[in-house]
Amino acid sequence: MSIKLTYFNARGVAELIRYIFAYAGQEFEDERIQRESWAERKPDAPLGSVPYVVLESGERYAQATSLARFFADKFDIRGKTAEEKLQSDMIVDLVRTDIIPLLVKIFFEKDNEKKAALKKEAQDKVNVWFEKVEALYMKGESSVLESGFSWADLALFNAVNDFFPNFNIIVDEKFEKIHKTISAVKSEPKIAEWIEKRPFSPM
Ligand SMILES: N[C@@H](CCC(=O)N[C@@H](CS)C(=O)NCC(=O)O)C(=O)O
């Protein structure tokens, strides 16, 4: 049995897992549930949500970041030492626990004035966080970790490449190390190949 990842036809919170599979050369079944069939499928999902993964053993697990962390560990891209794992987890949590929820709030806001205010809040917060990340936590040549590529690079890339354009969030050019890391991920052949072949989705 091969690994199966179930989500909607979206990059959303599942794309980090797909990037990890692409980088590691891990074959997987990329199940994309139609929104219309979700009500019928929901009761059967491990926690009633997507994404979830069925492992080769048949065991099923949910929670996108836990899944991404599990596969980052499995494919040895979470960091080489306990401290590097802390550093990569910190960047991943910044993106997924702090930044992405701000963008989701913008997405669901219907009032244009409130939407603009939420966008400004997100941009201001990203500026402050990235200032600190750039100064203190970009420790490789073109990677978060001194030891090189990790899932933290993929999480940053996922935020900047997949989420930010939909909300006009800009990464200032002065954040050179962050930009170098995003470019390195983008030109990584297995990631470029995945981006080329993945199904189209607006988000
Ligand atoms: N904390 C969970 C959140 C999962 C989640 O809310 N998934 C959404 C899609 S992004 C979902 O399943 N929505 C349908 C529903 O909850 O019925 C994770 O990161 O996996």
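Residues numbered from 1 in each chain as written. Predicted model: local features only at pLDDT ≥ 70, side-chain atom pairs only at ≥ 80, totals over all residues.

A. Expanded view of the overall build of the protein. From N to C terminus, the protein includes 8 helices and 4 strands. Walking the protein from its N terminus toward its C terminus, one meets helices and strands in the order β-α-β-α-β-β-α-α-α-α-α-α. The globule rule puts the C-alpha radius of gyration for 203 residues at 17 Å, and the 17 Å found for the protein is close to it. Viewed in the frame of its principal axes, the protein has a C-alpha envelope of about 45 × 45 × 30 Å. For the protein, the proportion of its 203 residues judged to be buried stands at 30%. (Helix = DSSP H or I, 4+ residues; strand = E, 2+ residues; numbered from the N terminus. Rg over C-alpha atoms; globule rule 2.2 N^0.38 Å. Buried ≥ 20, exposed ≤ 12 C-beta atoms within 10 Å, placed from the backbone.)

B. Representation of the domain arrangement of the protein in the model. By domain assignment, the protein separates into domain 1 (3-76 + 191-197) and domain 2 (82-187). Spacing between the C-alpha centres of domain 1 and domain 2 amounts to 21 Å. At the interface, 11 residues of domain 1 touch 10 residues of domain 2. Contributions of two or more residues to the side of domain 1 that touches domain 2 are made by helix H1 (15-24), helix H3 (64-74) and helix H8 (189-197). Here the side of domain 1 that touches domain 2 gets 5 residues from one element, more than from any other, and that element is H1. Taken together, the residues that form the side of domain 1 that touches domain 2 break down as 8 nonpolar, 1 polar and 2 charged. (Domains from an automatic or database assignment. Contact = placed C-beta atoms within 7 Å. Nonpolar A, V, L, I, M, F, W, Y, C, P; charged D, E, K, R; others polar.)

C. Representation of the pairing of strand E1 (residues 3-8). Pairing analysis gives 6 bridges linking E1 to strand E2 (residues 28-33), with the strands arranged parallel. Residue pairing across strands places Tyr7 opposite Arg32, the latter belonging to E2. The parallel pair E1 and E2, bridged by H1, forms a crossover whose chirality is right-handed. Here E1 pairs with strand E3 (residues 52-54) via 3 bridges, running antiparallel. (Pairing = 2+ DSSP bridges. Right-handed = clockwise from strand over helix to strand, strands pointing away.)

D. Region of the structure containing the sheet that holds E3. Strand order across the open sheet formed by 4 strands is E2-E1-E3-E4, with mixed pairing between neighbours. The strands lining the two open edges of the sheet, one partner per strand, are E2 and strand E4 (60-62). Shown here is a sheet whose adjacent strand axes are inclined to one another by a mean of 20°, direction ignored. (Axes fitted to C-alpha atoms, helices over the stretch in contact; angles between N-to-C directions.)

E. The arrangement of helix H5 (residues 112-136) in detail. Its 25 residues place the ends of H5 36 Å apart at the C-alpha level, agreeing with the 36 Å of an ideal helix rising 1.5 Å per residue. Of the positions making up H5, those classed as buried are Ala122, Val126, Phe130 and Val133. Looking at the buried side of H5, the elements it contacts are helix H4 (82-108) and helix H7 (176-187). (Expected span 1.5 Å × (residues − 1).)

F. Inspection of the nonpolar core at higher detail. Counting 46 residues, the largest nonpolar core has Ile17, Ile20, Ala155 and Leu156 as the members making the most contacts within it. At the level of elements, E1, H1, E3, H3, H4, H5, helix H6 (151-163) and H7 are the ones that each hand at least two residues to this core. The biggest single contributor to this core is H6, with 9 residues. The residue makeup of this core includes at least three contributed by each of domain 1 (3-76 + 191-197) and domain 2 (82-187). (Core = buried A, V, L, I, M, F, W, Y, C linked by C-beta atoms within 7 Å.)

G. Here's a closer look at H1. Burial of H1 is extensive: 9 of the 10 residues sit out of reach of the surface. All buried positions along H1 are accounted for by Glu15, Leu16, Ile17, Arg18, Tyr19, Ile20, Phe21, Ala22 and Tyr23. The inward-facing, buried residues of H1 abut E1, E2, H3, H6 and H8. In the stretch just after H1, Gly25 is the one whose phi turns positive, near 70°.

H. Main features of the site of the ligand. Around the ligand, the surrounding shell consists of Gly12, Val13, Lys42, Ser49, Val50, Pro51, Ala62, Gln63, Ala64 and Thr65. Taken together, the residues that form the shell around the ligand break down as 5 nonpolar, 4 polar and 1 charged. (Near = placed C-beta within 6 Å.)

I. Structural view of the packing of H1 against H6. The contact between H1 and H6 brings their axes to 10 Å, and the two run at 125°. As summarised for this structure, H1 and H6 are arranged oblique, according to the angle between their axes. As for the relative orientation of H1 and H6, their crossing is right-handed in sense. On the side of H1, the interface is formed by Glu15, Leu16, Tyr19, Ile20 and Tyr23, while H6 contributes Trp151, Leu154, Ala155, Asn158 and Asp162. Taken together, the residues of the contact of H1 with H6 sort by class into 7 nonpolar, 1 polar and 2 charged. (Parallel < 35°, antiparallel > 145°, perpendicular 65-115°, else oblique. Left-handed = near helix turned anticlockwise from the far one by under 90°.)

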